[in-house]
Amino acid sequence: MEYFFFYLFLFLLGSSIGSFLNVLRFRLPKSFSIIKPRSFCPKCKTSIPFYLNIPIFSWFFLRGKCIFCKSKIPFSYPLIEFFTALLFVLNGFLSINHPSYYKLNLVGLNIFTGFLIIISLIDFDKMIIPNKLIFVGSLLGLIFNFTFFYLLGNQSLLEFVFKFLFLPFIGAFCLEILNFIFSLIIKKDAFGFGDVKYLFMVGTWIGLNGQFLTFILSIYIGGLITLFLIIIKKISKKGKIPFGPYLSISAYLVGIFGSESIFLFFQKIYNLG
């Protein structure tokens, strides 16, 4: 009970952020404004009153249907709100109980988590990663680390720029070269340029080591999930698969546990060093 209201606040905040992510998921690929008009039913275009736009609760209260035209509201809406809220609570729990493994502070990790979720959703829906999200996410990553390591820490400005801007750019550039080499061998891109830009954004948050480990982890996670989906015949062997969600899962794990812990994990698996 000591942290009950703290976790409750994080849950409510996370569900509200999840509701906003639903808006971004619908509007960004269509190039709609995320400010105006207010939330509306995609079917009948009627504005939704604020009292019917409460995260998670409203979907169940309305029984999954628009109150005006009775069109179905996808279950993914409350699911995303709940999932975001759950991750915010998890982030808070880790910040209190595992500070030695907690590499991004709570504010930073929650912002980072929000970007990981929305990029995954749009990539899963449309097979694209909007440049606007990459730009804003990278900018916020730089602002966060500038504040945390330069203004409040003991790193020099040059060290900050080198660690969170220059090296992530070089890392993304090298990955694009690697993609080009693979494309010559297998006659198609191993991953998209959007994924490379996404990894640059990840690097502005968790540095070059985090960027590299995110990429390596995503290959393992993506390979296992893809193999499972092929076995149960949810996708074909030649079907296209969005890579963004795998990058997001991996980046979140690195953001929570830190690059050193993930590296030690691989070290134990392969008995390195």
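Shown above is the structure to which this text applies.
About the criteria used
Residues numbered from 1 in each chain as written. Predicted model: local features only at pLDDT ≥ 70, side-chain atom pairs only at ≥ 80, totals over all residues. Heavy atoms only, no water. Helix = DSSP H or I, 4+ residues; strand = E, 2+ residues; numbered from the N terminus. Buried < 20%, exposed > 50% of the residue type's maximum accessible area, 1.4 Å probe, protein only. Contact = heavy atoms within 4.5 Å. Areas by Shrake-Rupley, 256 points an atom, 1.4 Å probe, with all protein chains shown as cover. Lys, Arg positive; Asp, Glu negative; His and termini not counted. Charge placed at Lys NZ, Arg CZ, Asp CG, Glu CD. Salt bridge = Lys/Arg side-chain N within 4 Å of Asp/Glu carboxyl O. Core = buried A, V, L, I, M, F, W, Y, C linked by side-chain atoms within 4.5 Å. Expected span 1.5 Å × (residues − 1). Bend = angle between axes of the 7 residues up to and from the residue.

Enquirer: Tell me about the overall build of the protein, and name the residues and values.
Expert: Of the regular secondary structure elements, the protein holds nine helices and zero strands. Listed N to C, the secondary structure of the protein is α-α-α-α-α-α-α-α-α in terms of helices and strands. Based on the C-alpha atoms only, the size of the protein along its principal axes is roughly 60 × 50 × 35 Å. The proportion of buried residues among the 273 residues of the protein is 41%. Restricting the contact set of the protein to residue pairs at least 6 apart, pairs at least 24 apart contribute 64%. Total accessible area computed for the protein in this model is approximately 16200 Å², and 72% of it derives from carbon and sulfur atoms. In the protein, which carries 24 positive and 9 negative side-chain charges, the distance between the mean positions of the two groups comes to 16 Å.

Enquirer: Could you give me a rundown of the pattern of salt bridges, with the residues and numbers involved?
Expert: The final tally for this structure, using the stated rule, is one salt bridge. The salt bridge involving aspartate 125 is made with arginine 25; its shortest N-O contact spans 2.5 Å. Of this pair, aspartate 125 sits in helix H4 (residues 106-126) while arginine 25 sits in helix H1 (residues 4-27); the two residues are 100 residues apart in sequence, bridging distant segments of the chain. On the basis of relative accessibility, which here comes to 34%, the residue aspartate 125 falls in the partly exposed class. Among the residues examined, arginine 25 registers a relative accessible area of 19% and is labelled buried.

Enquirer: How would you summarise the nonpolar core if you had to cite specific residues and measurements?
Expert: Phe112, Ile118, Ile119, Leu133, Tyr198 and Met201 are the most contacted members of the largest nonpolar core, which has 44 residues in total. Mapped onto this core, the elements with two or more residues apiece are H1, helix H3 (76-97), H4, helix H5 (131-151), helix H6 (157-186), helix H7 (193-231), helix H8 (244-257) and helix H9 (259-270). Here this core takes 12 residues from H7, the largest share from any one element.

Enquirer: Mind laying out H6, listing which residues take part and the relevant values?
Expert: Structural remark: α-helix, 3.6 residues per turn; residues separated by three or four positions point the same way. Taking 1.5 Å per residue, 30 residues should reach 44 Å; H6 reaches 42 Å between its end C-alpha atoms and fits that length. Along H6, the helix axis deviates most sharply at lysine 163, where the bend reaches about 30 degrees. Along H6, the residues classified as buried are Phe160, Phe164, Leu167, Pro168, Gly171, Ala172, Leu175, Asn179 and Ser183. Where H6 is buried, its residues meet H5 and H7. Backbone geometry just downstream of H6 places lysine 187 in the positive-phi region, at approximately 65 degrees.

Enquirer: So what's going on with unusual backbone geometry? Which residues, and what values?
Expert: Residue proline 37 is reached from lysine 36 by a cis peptide bond, and omega for that bond is -10 degrees. Among the structural elements, proline 37 can be located in the loop between H1 and helix H2 (57-61). Look at serine 31: it is not a glycine, yet its phi comes out positive at around 60 degrees. Within the element layout of this structure, serine 31 appears in the loop between H1 and H2. A positive phi angle, near 55 degrees, is found at arginine 63, a position not held by glycine. Here arginine 63 lies in the loop between H2 and H3.

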